Amino acid sequence: MREKLGFLVCIWFLLYGSCMGRFVVEKNSLKVTSPDSLKDVYECAIGNFGEPQYGGTLVGTVIYHEVDQKGCKSFSDADVSFKAKPGGLPIFLLADRGDCFFALKAWNAQNAGAAAILVANDRFEPLIVMNTPEEEGARADYQQNITIPSALISKALGDNIKKALSSGEMVNINLDWRESLTQLDERVKYEFWTNSNDECGPKCESQIEFVKNFKGVARILEQKKYTQFKPHYRTWYCPEAFIVSKQCKSQCINHGRYCAPDPDQDFYKGYEGKDVVVQNLRQACVYKVADESKKPWLWWDYVTDFAIRCPMKERKYNKECADQVIQSLGIDLKEIDKCIGDPDADVDNPVLKDEQEAQVWMEDILFPENFSLLLCVTC
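Please read these numbers as outputs of a predicted model, since none were measured by experiment.

Got a minute to help me understand the overall build of the protein in this structure?
The secondary structure content of the protein amounts to 11 helices and 12 strands. Across the 379 residues that make up the protein, the buried fraction comes to 48%. The contacts in the protein between residues at least 6 apart in sequence include a share of 74% that link residues at least 24 apart.

Okay, here's the thing in structure tokens:
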């Protein structure tokens, strides 16, 4: 099994490199002219749909629709219009990334009268190309009819714009295509779906072996900037009617928002599902903190060391052991704890909430009944 996994990963990388070549991220500049707190020039990535105004500029004011924040629904259904009034600046719709294709967001914005759409990234990563979805038939017709320009902006800029708008400030932006440029990004990007549970039989054993064997390669690829990876963890939520049940209390954290199955399927002994959720969250936070410090490869070290030093069968699958591994790798433990938050609080956890959103589109394809290791290579 171990050899097969390694072989498949190599094949995925080779096929991806030969078929996709390199990533071309075409960029233009975005200048915020007001408010003063945001005045600056920022980079944004041009979508491969719509009509960028090459050689020109476009000035507009930003609107963020609080109800349909991701722009995935037709605004006409809610009788919403972004068409500028006579004498007013064109309207740029700000929409969050996620839940639907970039092109559909642009189409909905255009139909509502917006002059351009700005899509705020939902993760801290280099800008990517907003690709046209590969659809067939009538569903794809709208792609050819998109005429407004689109731009992907960073999560940080998107958050700051939303903060300014919520404070009642007007955000004016100048989109500038006069010096549009292309940036070559030759990194292979892949997502790694995994789990911290080590008591699920042969599947878990294969997963742990794979991580141990692939760690060295993964570190080199990341350090030399050949790849950009992100680990993912699957959770589900407990129906509201059952939140107080023994099952939900033992398998979920944050009042039923994030759940995992009991490792030994016994609610009265051993580790519980909520223990797995917390450890999965801890691993996701290790990646987040390590990535923000420009050392994402430390995630591989942590996961490998945790599996060796903190196994369930030795009753060491706990925070104390995990903290020792984190400290031994020089990762900021306070930042990890801050990221994890309070598992007993009746609030959303931003990291796990993002994980649940990321798994929505993968659900039917990659998660049949059980899973141990899934590696998905994407643009």
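Would you mind showing me how to read empty space enclosed by the protein here?
Once rolled over the atoms, a probe with the size of a water molecule shows which space is left empty. Evaluation of the coordinates by the stated rule reveals one cavity of 30 Å³ or more. In this structure, the largest cavity spans a volume of roughly 120 Å³. In terms of lining, the largest cavity is formed by T194, N195, S196, N197, D198, Q207, I208, V211, Q283, V303, F306 and A307. Of all elements in the fold, only helix 4 (202-223) and helix 7 (298-309) reach the threshold of two or more residues within the lining of the largest cavity.

Is there a simple way to explain the packing of aromatic side chains in this structure?
Think of a pair of aromatic rings as described by two things: how far the centres are apart, and how the planes are tilted against each other in angle. Taken as a whole and assessed by the stated rule, the structure comprises 14 aromatic pairs. Pairing F229 with Y287 gives two aromatic rings, centres 5.3 Å apart and planes at 70°, and the pair type is edge-to-face. With a gap of 58 residues between them, F229 in strand 9 (residues 227-233) and Y287 in helix 6 (residues 273-292) connect regions that are remote in the sequence. Exposure class is identical for F229 and Y287. Each is buried. These aromatic residues form a ring-pair network of at least three members: Y190, F192, F210, F214, F229, Y287, W299 and W300.

What is the right way to read unusual backbone geometry from this model?
With the exception of glycine, most residues fall at negative phi, and the peptide bonds are largely trans. Of note, the bond from S34 into P35 is cis; its omega dihedral lies within 30 degrees of zero at 5°. For K225, which is not a glycine, the phi torsion comes out positive at approximately 60°. Among the secondary structure elements, K225 is positioned in the loop between helix 4 and strand 9. Here the phi dihedral of N254 falls at roughly 50°; this positive angle occurs in a residue that is not glycine.

What should I look at first to understand the pairing of strand 5 (residues 116-120) in this one?
In regular strands, side chains alternate between the two faces of the sheet. Buried residues dominate strand 5, accounting for five of its five residues. Side chains A116, L118 and A120 project from strand 5 onto one buried face, and the interleaved I117 and V119 project onto a second face that is buried too. Here five bridges tie strand 4 (residues 91-96) to strand 5, and the two strands are oriented parallel to one another. What sits directly across from L94, in strand 5, is L118. The parallel pair strand 4 and strand 5 is bridged by helix 2 (residues 102-111), and the resulting crossover is right-handed. Note that strand 5 and strand 6 (residues 150-153) share four bridges and pair parallel. Residue pairing in the sheet places A120 in a bridge with I153 of strand 6.

Whenever I open this one, the side chain of Q279 confuses me. Can you help?
You can see Q279 is positioned in helix 6. Ignoring anything within four residues of it in the chain, the contact list for Q279 reads S196, Y302, F306, Y317, N318, K319 and A322.

Would you take a moment to explain helix 6 for this structure?
Two residues of an α-helix separated by three or four positions point the same way, owing to the 3.6 residues in each turn. In this model helix 6 runs 29 Å from its N-terminal to its C-terminal C-alpha over 20 residues, within 8% of the 28 Å that 1.5 Å per residue would give. With 15 of 20 residues buried, helix 6 lies mostly within the body of the structure. Immediately beyond the C-terminal end of helix 6, within one or two residues, lies K294, with a positive phi of roughly 65°.

Even after reading the chapter, I still don't get helix 2, so can you show me in this structure?
Along helix 2, seven of the 10 residues are buried, which leaves the element largely enclosed by surrounding structure. Buried residues belonging to helix 2 abut strand 4, strand 5 and strand 6. Just downstream of helix 2 lies G113, where phi reads positive at about 100°.

Would you take a moment to explain the pattern of salt bridges for this structure?
Pairing is possible between side chains of opposite charge, provided their charged atoms come close. Counted by the stated rule, this structure contains 17 salt bridges. The salt bridge involving R123 is made with D122; its shortest N-O contact spans 2.8 Å. On the basis of relative accessibility, which here comes to 22%, the residue R123 falls in the partly exposed class. In this structure, a network of salt bridges that share partners links the residues D96, K155, D159 and K162.

Any chance you could explain the side chain of T61 here in plain terms?
Relative to the assigned elements, T61 resides in strand 3 (residues 57-64). Of the polar contacts made by the side chain of T61, one reaches the backbone oxygen of V171; its length is 3.3 Å. Setting aside anything within four residues of it in sequence, one finds T61 in contact with L89, P90, I91, F92, M170, V171 and N172.

So what exactly am I meant to see when it comes to the state of the cysteines here?
A disulfide bridge is the covalent bond that connects two cysteines by way of their sulfur atoms. Considering all chains together, one arrives at five disulfides under this definition. There is a disulfide in this structure between C310 and C321, and the S-S distance comes to 2.0 Å. Taking the torsion about the S-S bond as the criterion, the C310 to C321 disulfide, at about -85°, is left-handed. In this pair, C310 sits in the loop between helix 7 and helix 8 (319-328) while C321 sits in helix 8, placing the two residues 11 residues apart along the sequence. C321 matches C310 in its accessibility class, with the two residues each being buried.

About the thresholds
Residues numbered from 1 in each chain as written. Predicted model: local features only at pLDDT ≥ 70, side-chain atom pairs only at ≥ 80, totals over all residues. Heavy atoms only, no water. Helix = DSSP H or I, 4+ residues; strand = E, 2+ residues; numbered from the N terminus. Buried < 20%, exposed > 50% of the residue type's maximum accessible area, 1.4 Å probe, protein only. Contact = heavy atoms within 4.5 Å. 1 Å grid on protein atoms, 1.4 Å probe; cavity = no way out; pocket = protein on both sides within 12 Å on 5 of 7 lines; lining within 4 Å. Points joined across faces, edges and corners; volume = space filled by probe spheres on them. Phe/Tyr/Trp six-rings, centres within 6.5 Å; stacked < 30°, edge-to-face > 60°. Pairing = 2+ DSSP bridges. Right-handed = clockwise from strand over helix to strand, strands pointing away. Expected span 1.5 Å × (residues − 1). Salt bridge = Lys/Arg side-chain N within 4 Å of Asp/Glu carboxyl O. Polar contact = N/O pair within 3.5 Å; in protein donor to acceptor, adjacent residues only side chain to side chain. Disulfide = S-S within 2.5 Å.

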